[in-house]
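# Per-entry structural report
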Amino acid sequence: MNHLLLLSLLPLLLLPPISPTQISVSPKTLSKSGDPITIQWSGIDDPSSLDWVGLYSPPNSSDDHFIGYLFLSNSSTWQSGSGSITIPLINLRSNYQFRIFRWTASEIDPKRHDHDHNSLPGTKHRLAESEEIGFESGRGPEQVHLALTGREGEMRVMFVTHDGRESFVRYGPGPDRMDQVASTRVGRYEREDMCDSPANHSVGWRDPGFIHDGVMTNLKKGKRYYYKVGSDSGGWSISYNFVSHDGDSSETVAFLFGDMGTATPYSTFIRTQDESISTIKWISRDIQALGDRPALVSHIGDISYARGYSWIWDNFFNQIEPVASQVPYHVCIGNHEYDWPLQPWKPDWSYSIYGTDGGGECGVPYSLRFSMPGNSSEPTATRAPATRNLYYSFDMGSVHFLFISTETNFLQGSSQYNFIKQDLESVDRKKTPFVVVQGHRPMYTTSNEIRDAPIRERMLEHLEPLFVKSKVTLALWGHVHRYERFCPLNNFTCGALGFHGEDWEAFPVHVVIGMAGQDWQPIWEPRANHPTDPIFPQPVRSVYRGGEFGYTRLFATKEKLTFSYVGNHDGEVHDTFEILASGQVLNGNWGGDGAIAKGKVGSKISWYVKGASVLMLGAFIGYVLGFISRARREAALGKTWTPVKSEET
């Protein structure tokens, strides 16, 4: 009898022990990206500051392939074995699951670390897992963003759906008068299109959804239009609006920056960019203040910093949507969108320049998620589709904008060089007296960027003569994560300005504007004979250096262009200068006698957006300030994150 009892109990004895830890998530269904979710847990015995919860999407991902993670110690009640954390979630078109793990100090592996050299948490001891949660169906597309096509009366709109079903753009002059309809073409990319790890491995790849591209046509000049995207069967988005381009206007308004990235409410395999929150916040304020004036955003490389972790692109597009759904959002390619070991153009002198910064993406997400004017492309020499959106130009008001690629061949004789030369030579300066060139890696910088010296030498040799000959007004660059403005330059020499009757020539003003979010900061260039001393003299050609995050504003009429640097900590102007249509630079702290006053500009531009500095986008701030900022800085970082310093030395 006893033997029979033991045999009947044997299956129960072989079952794994039941964990006392419980985890729940609410709500079970979310409406849209950015909606908050609360993770609650209880029953953790002997809680540790290294206990953590991982985010998984899709739910069948292996334990090591999380989207992100949060330490439970960021809940104020964690020491009791119970607690909760609230964060926003982005719709990745598959369900989420949350798992709690015990991680001990003895299991820390210093060889397995994130981009910030913090050890990634271990997954050996799983304590609990949640039910799956997801997003409502039929809520319409997301990740909506606009772009100019280069043709009058048009505006491009792109968005993402989960299934690629036939979708449309409804638009018109009022929220109740969206009677015009534009169809969309749909595209996508696959894991096999990626060129290297992590982009083509399980840890980095997630389904990107289907990317839709439509063009609104027959738009009247300078009028506000309302639009929504989607379909009756798949659901429609909310209503958005924009002001159409006015080819008859001589006024130009643009917001320009590089290297912004995106912020996530959790830690992940790579460092994300908290300061991008403030950049978008202040630009949103400025757009609100514009009223019915059309404007443009220019993001010159290092767009999302996904680096092969595909969900970061989803996060980025959701973060910029409040801006990019209202004004055209234009881009050029940077090293973190493109560079990989086998890229087709990699001359011998570039061995220190083009590496693995793209995380194996080889320009694929960048090429398909954006559609810029023109048809520039370069083959990848792999299964991956050709890299697009490399170089293009268009007119807006009194400014001719030219975007170039520093990641593909720009040397004399290349297709890009020929395009740049022909484009600059064909500018009608009566129509657009100002020419603004934008690319990622700078031609000039006083940052201690030694690795990029070979490419700067080639840019000076091949591109600067074109810029000088064509009297380019501004040359804007990213890559260096600071603001730096130079005097009007030709071959490292400041040009005279003619204030005292001396001969002068209109040389380009180079400005580095890569300070929108990424916080990795190289030092300024030290003295050549004392390279290890923390002394960084400012050369005479460098008029203004700024270490604060921010963005720039451009305002131009036929007579004058005003360029301003706005700091993120206060939303105020920290540097400004003006350039006349003749090319003469005014009030830029560059004296006619050749003296440069270094430091903060005394007089600040009185621009019409300043009067509306208290205006914000309510929904955006609710999303950003209420959840991302708090979760990222208080929950995700906690006591376990080592930040990269960004203070001036």
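As annotated in an unreviewed UniProt entry, the chain carries the name Purple acid phosphatase and comes from Escallonia herrerae. Under the UniProt heading Catalytic activity (unreviewed entry), the note attached to the chain is "a phosphate monoester + H2O = an alcohol + phosphate". Per its UniProt entry, the chain bears the Subcellular location (unreviewed entry) comment "Secreted".

## Considerations on the overall build of the chain
Along its length, the chain carries nine helices and 34 strands. Going through the 649 residues of the chain one by one, you find that 59% of them count as buried. For the chain, the proportion of contacts with a sequence separation of at least 24, taken over those separated by at least 6, is 73%. Carbon and sulfur atoms form 51% of the exposed surface of the chain, whose accessible area is close to 25500 Å².

## Re the side chain of glutamine 319
Of note, glutamine 319 is situated in helix α3 (residues 311-324). Of note is the side chain of glutamine 319, whose polar atom sits 2.6 Å from the side chain of threonine 262.

## Some details on the state of the cysteines
With the rule as written, the count across this model stands at two disulfides. Two residues, cysteine 195 and cysteine 362, share a disulfide whose sulfurs are 2.1 Å apart. When the S-S torsion is 80 degrees, as for the bridge of cysteine 195 with cysteine 362, the disulfide is right-handed. Here the residue cysteine 195 occupies a position in the loop between β13 (180-187) and β14 (210-216), and cysteine 362 occupies one in the loop between α4 (335-338) and α5 (364-369), the gap between them amounting to 167 residues. With respect to class, cysteine 195 is no different from cysteine 362; both count as buried. Disulfide partner of cysteine 487: cysteine 494, at an S-S distance of 1.9 Å. Judged by the torsion about the S-S bond (-85 degrees), the cysteine 487/cysteine 494 disulfide is left-handed. The two residues cysteine 487 and cysteine 494 agree in class, both being buried. Should the bonded cysteines of the chain be numbered as they appear in the sequence, the pairing reads 1-2, 3-4.

## Points about the sheet that holds strand β3 (residues 36-42)
A sheet is described by the order of its strands in space; here three strands give the open sequence β1-β3-β6, paired in antiparallel fashion. Where the open sheet ends on each side, the last strands, each with one partner, are β1 (22-26) and β6 (83-88). For this sheet the average axis-to-axis angle between neighbouring strands, irrespective of direction, equals 20 degrees.

## What to know about the pattern of salt bridges
In total, this model carries 34 salt bridges according to the counting rule given. We note a salt bridge from arginine 369 to aspartate 314, for which the minimum N-O separation is 4.0 Å. On the criterion of sequence distance, the pair formed by arginine 369 in helix α5 and aspartate 314 in helix α3 is long-range, its members being 55 residues apart. Here arginine 369 and aspartate 314 have matching classes, each one buried. Its salt-bridge partner being arginine 441, residue aspartate 339 comes within 2.9 Å of it at the nearest N-O pair. Highlighted residues: aspartate 339 in the loop between α4 and α5 and arginine 441 in the loop between β25 (434-439) and α7 (453-462), separated in sequence by 102 residues.

## Digging into the packing of helix α2 (residues 276-290) against α3
Running from N to C, α2 and α3 cross one another at 15 degrees; their axes reach a closest spacing of 9 Å. In this view, α2 runs roughly parallel relative to α3, as classed from their interaxial angle. For the element pair α2 and α3, the recorded crossing hand is left-handed. Contacts between α2 and α3 pair Ser276, Ile277, Ile280, Ile283, Ser284 and Ile287 from the former with Gln319, Ile320 and Val323 from the latter.

## Quick look at the sheet that holds strand β8 (residues 125-129)
The sheet built from four strands is open, its strands ordered β5-β4-β7-β8 with antiparallel pairing. Two strands in the sheet have a free side with no partner beyond their single neighbour: β5 (68-71) and β8. The mean inter-strand angle of the sheet, taken between neighbouring strand axes irrespective of direction, is 30 degrees. Direction of pairing for strand β4 (residues 52-56) relative to β5: antiparallel, over a ladder of four bridges. From the neighbouring strand, leucine 55 faces β5, where its bridge partner is glycine 68.

## Thoughts on the packing of aromatic side chains
Tallying each qualifying case throughout the model produces 38 aromatic pairs. Look at tryptophan 345 and tyrosine 354: their rings are 6.0 Å apart centre to centre, the planes differ by 55 degrees, and that puts the pair in the tilted class. On the basis of relative accessible area, tryptophan 345 is assigned to the buried category, the value being 16%. Judged by relative accessible area, which is 1%, tyrosine 354 ranks as buried. Looking at arginine 188, its charged tip hangs above the ring of phenylalanine 210, at a distance of 4.6 Å from the centre. Positioned above the aromatic ring of tryptophan 236, the side-chain terminus of lysine 228 is 5.4 Å from the ring centre.

## Thoughts on unusual backbone geometry
Trans is the common state for peptide bonds, and a negative phi is the common state for residues other than glycine. Along the chain, serine 26 connects to proline 27 via a cis peptide bond; the corresponding omega equals -5 degrees. The topology assignment puts proline 27 in the loop between β1 and β2 (29-30). In the segment running from serine 197 into proline 198, the intervening peptide bond is cis, with an omega of 0 degrees. Here proline 198 shows up in the loop between β13 and β14.

## Regarding the side chain of threonine 161
In this fold, threonine 161 is placed in strand β11 (residues 155-161). In terms of polar contacts, threonine 161 uses its side chain to reach the backbone amide nitrogen of glycine 164, at 3.1 Å. Here the side chain of threonine 161 touches histidine 212 through a polar contact of 2.7 Å, side chain to side chain. Here threonine 161 is in contact with Arg93, Pro141, Ser167, Gly209, Phe210 and His212, once residues within four sequence places are set aside.

## Remarks on the nonpolar core
Soluble, globular proteins show a tendency: their nonpolar side chains are buried together. In terms of nonpolar packing, the biggest core is built from 134 residues, with Phe98, Tyr227, Leu474 and Phe563 touching the most fellow members. Looking at which element gives the most residues to this core, the answer is α3, with eight residues. Grouped together as the second largest cluster of nonpolar side chains are 32 residues, Tyr417, Ile455, Leu466 and Phe486 included.

Reading guide: rules and limits
Residues numbered from 1 in each chain as written. Predicted model: local features only at pLDDT ≥ 70, side-chain atom pairs only at ≥ 80, totals over all residues. Heavy atoms only, no water. UniProt positions renumbered as here; feature names shortened; annotations may be inferred. Helix = DSSP H or I, 4+ residues; strand = E, 2+ residues; numbered from the N terminus. Buried < 20%, exposed > 50% of the residue type's maximum accessible area, 1.4 Å probe, protein only. Contact = heavy atoms within 4.5 Å. Areas by Shrake-Rupley, 256 points an atom, 1.4 Å probe, with all protein chains shown as cover. Polar contact = N/O pair within 3.5 Å; in protein donor to acceptor, adjacent residues only side chain to side chain. Disulfide = S-S within 2.5 Å. Pairing = 2+ DSSP bridges. Axes fitted to C-alpha atoms, helices over the stretch in contact; angles between N-to-C directions. Salt bridge = Lys/Arg side-chain N within 4 Å of Asp/Glu carboxyl O. Parallel < 35°, antiparallel > 145°, perpendicular 65-115°, else oblique. Left-handed = near helix turned anticlockwise from the far one by under 90°. Phe/Tyr/Trp six-rings, centres within 6.5 Å; stacked < 30°, edge-to-face > 60°. Lys NZ or Arg CZ within 6 Å of the ring centre and 35° of its normal. Core = buried A, V, L, I, M, F, W, Y, C linked by side-chain atoms within 4.5 Å.

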